[in-house]
Amino acid sequence: MKKLLTIIIIIPLIFCSCQESEQIDELSFVKLLAIDKSEEGFILTAGIQIPSSKEDEKMGSDVRSVKCRTISQGLNLLESTTEKKIFYGQVDCVLIGEE
């Protein structure tokens, strides 16, 4: 019984790891997302904070806009405009146009 209990405790510890984790300097953080309707579809604008890979540098920021037919397509296009993976978990504000 003790042997089985030991195996049950050790197995999760062996296979538990952070292989899928992202480093902060590999991410771009979206702080603001604006969605506007256009004749062709939508215009998505994102305010992005880009962390520096050096400790003594400040975090940079950028504003990116893309024209798209769907919001999902726009999010993919925004991702392709940056070198780093975009993280939407830090969005402070979402603005949606009136139309």
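Quick look at the structure, then.

About the cut-offs
Residues numbered from 1 in each chain as written. Predicted model: local features only at pLDDT ≥ 70, side-chain atom pairs only at ≥ 80, totals over all residues. Heavy atoms only, no water. Salt bridge = Lys/Arg side-chain N within 4 Å of Asp/Glu carboxyl O. Helix = DSSP H or I, 4+ residues; strand = E, 2+ residues; numbered from the N terminus. Core = buried A, V, L, I, M, F, W, Y, C linked by side-chain atoms within 4.5 Å. Buried < 20%, exposed > 50% of the residue type's maximum accessible area, 1.4 Å probe, protein only. Contact = heavy atoms within 4.5 Å. Phe/Tyr/Trp six-rings, centres within 6.5 Å; stacked < 30°, edge-to-face > 60°. Lys NZ or Arg CZ within 6 Å of the ring centre and 35° of its normal.

Observations concerning the pattern of salt bridges
One side chain can pair with another of opposite charge once the charged atoms of both are near each other.
Line of reasoning, step 1. Applying the stated criterion across every chain yields a total of two salt bridges.
Line of reasoning, step 2. With its nearest N and O atoms 3.3 Å apart, the salt bridge here joins Lys-31 to Asp-92. Here the residue Lys-31 occupies a position in strand S1 (residues 27–37), and Asp-92 occupies one in the loop between strand S4 (85–87) and strand S5 (93–96), the gap between them amounting to 61 residues.
Line of reasoning, step 3. A salt bridge links Asp-62 to Arg-64, with the shortest nitrogen-to-oxygen separation between them at 2.5 Å.

Details of the nonpolar core
Line of reasoning, step 1. Val-30, Leu-33, Ile-35, Leu-44, Ala-46, Ile-48, Val-66, Cys-68, Leu-78 and Ile-86 form the largest nonpolar core, which has 10 residues in total.
Line of reasoning, step 2. Looking at this core, the elements that each hand over two or more residues are S1, strand S2 (42–50) and strand S3 (60–68).
Line of reasoning, step 3. Among all residues touching Leu-44, those that are not within four sequence positions of it are Ala-34, Ile-35, Arg-64, Ser-65, Val-66, Cys-68, Ile-71, Gly-74, Leu-75 and Leu-78.

A look at the packing of aromatic side chains
Line of reasoning, step 1. In this structure the tally under the stated criterion is one aromatic pair.
Line of reasoning, step 2. Ring plane angle 85 degrees and centroid distance 5.8 Å describe the contact between Phe-29 and Phe-87, whose orientation is recorded as edge-to-face. Here Phe-29, found in strand S1, pairs with Phe-87, found in strand S4; they are 58 residues apart in sequence, far enough to count as distant.
Line of reasoning, step 3. In this structure Phe-29 comes out as buried when scored by relative accessible area, which is 12%.
Line of reasoning, step 4. Above the ring of Phe-42, the side-chain terminus of Lys-37 is found at 5.0 Å from the ring centroid.

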